[in-house]
Amino acid sequence: MADDSHLIEQLVSREELLEGRFLHVVRDTVRLPDGQTASREYVRHPGAVMVVPILDDGRLVLERQYRHPMGRVMIEFPAGKIDPGEDRLACAKRELMEETGYVAAQWAHAGPLHNAIAYSDEFIDVWFARSLSQTGRQLDHGEFLDVIEASPDELLAWCRDGTVTDAKTLVGALWLQNILAGAWTLDWRG
């Protein structure tokens, strides 16, 4: 691994700009590698999970949900924020059941993704789920979404034509495409 010391910025001070129920915005003053200082504003986020649910027939479970910042309905994989102290797999199981009504007998961890590295420390832990059974949804208060199914080919076409633009779903599609092609593998656990 390369020596990155010539790239590292050191925290000098932090100013709280906003502390909301969901997001926390800060402005850090950092010392640059050349000794100068600079300002870095970013969103602090507790982290989230995303689930790529695969039905027994190979179709995928997705959601259609209105996203206010985008001003439109988006197609995406089930996902949600990690609660304080919550295990990431437990969060993935909870979000899948709450949003879609499905529970999975088998799970595989793909890895984390960092979706906005220039302005947020958010990470999203990517999980795959299969051997699904329906138990009934338990949406959070104020949460409205449609559960849909699509084949992998349909999802990839939506990614290609711009129907799907959500970063986490695009990463999930990348993982799925490589798994189906046999280029990547997952360690499935019951």
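Bear in mind the structure is a predicted one, so any value in this text is a computation, not a measurement.

Caption draft 1: Fine view of the overall build of the protein. Helix and strand counts for the protein stand at three helices and 10 strands. The order of α-helices and β-strands along the protein, N terminus first, is β-β-β-β-β-β-β-α-β-β-β-α-α. Counting only C-alpha atoms, the protein reaches 60 × 40 × 35 Å along its principal axes. A burial count over the protein gives 41% of its 190 residues as buried. Once local pairs closer than 6 in sequence are excluded, the contacts in the protein between residues at least 24 apart make up 58%. Accessible surface, the protein as shown: approximately 11,000 Å² in total, 52% of it carbon and sulfur. Within the protein, the 31 negative side-chain charges are centred at a point lying 1 Å from the centre of the 19 positive side-chain charges.

Caption draft 2: Layout of helix 3 (residues 167-180). Its 14 residues give helix 3 an end-to-end C-alpha distance of 20 Å, which sits within 8% of 20 Å, the value for a rise of 1.5 Å per residue. Of the residues making up helix 3, those classed as buried are Lys-168, Thr-169, Gly-172, Ala-173, Trp-175, Leu-176 and Asn-178. Residue Gly-182 follows helix 3 closely and has a positive phi angle near 85 degrees.

Caption draft 3: The arrangement of the pattern of salt bridges in detail. The full count for this structure, using the stated rule, is 18 salt bridges. Linking Arg-44 and Asp-121 is a salt bridge whose minimum nitrogen-to-oxygen distance equals 3.6 Å. Of this pair, Arg-44 sits in strand 3 (residues 37-44) while Asp-121 sits in the loop between strand 8 (102-113) and strand 9 (124-134); the two residues are 77 residues apart in sequence, bridging distant segments of the chain. The class of Arg-44 is partly exposed, set by a relative accessible area of 31%. A cluster of three or more residues bridged by salt bridges with shared partners is formed by Lys-81, Asp-83, Glu-86, Arg-94, Glu-95 and Glu-98.

Caption draft 4: Quick look at the sheet that holds strand 3. The strand order 1-2-3 describes an open sheet built from three strands, whose pairing is antiparallel. Of all the strands in the sheet, the pair left with one neighbour each is strand 1 (10-19) and strand 3. Going from strand to strand, the sheet's axes swing by 20 degrees on average, the running direction of each strand aside. The pairing of strand 1 with strand 2 (residues 24-31) spans eight bridges and is classified as antiparallel. Bridge pairing in strand 2 links Arg-14 to Asp-28.

Caption draft 5: Just the sheet that holds strand 5 (residues 60-67), in detail. With antiparallel pairing, the three strands of this open sheet are ordered in space as 6-5-10. The open sheet has two free edges, formed respectively by strand 6 (72-76) and strand 10 (146-150), since each of these has just one partner strand. Going across the sheet, the axis of each strand differs from the next one's by a mean of 30 degrees, ignoring polarity. The pairing of strand 5 with strand 6 spans five bridges and is classified as antiparallel.

Caption draft 6: Quick peek at unusual backbone geometry. A positive phi angle is found at Ser-131, which is not glycine, with a value near 55 degrees. Along the chain, the position of Ser-131 falls in strand 9.

Caption draft 7: The environment of Ser-13, seen in detail. Mapping Ser-13 onto the fold places it in strand 1. Taking C-alpha positions, Ser-13 is 7.1 Å from Val-30, a pair spaced 17 residues apart along the chain. Apart from the residues within four sequence positions on either side, Ser-13 is in contact with Arg-27, Asp-28 and Thr-29.

Reading guide: rules and limits
Residues numbered from 1 in each chain as written. Predicted model: local features only at pLDDT ≥ 70, side-chain atom pairs only at ≥ 80, totals over all residues. Heavy atoms only, no water. Helix = DSSP H or I, 4+ residues; strand = E, 2+ residues; numbered from the N terminus. Buried < 20%, exposed > 50% of the residue type's maximum accessible area, 1.4 Å probe, protein only. Contact = heavy atoms within 4.5 Å. Areas by Shrake-Rupley, 256 points an atom, 1.4 Å probe, with all protein chains shown as cover. Lys, Arg positive; Asp, Glu negative; His and termini not counted. Charge placed at Lys NZ, Arg CZ, Asp CG, Glu CD. Expected span 1.5 Å × (residues − 1). Salt bridge = Lys/Arg side-chain N within 4 Å of Asp/Glu carboxyl O. Pairing = 2+ DSSP bridges. Axes fitted to C-alpha atoms, helices over the stretch in contact; angles between N-to-C directions.

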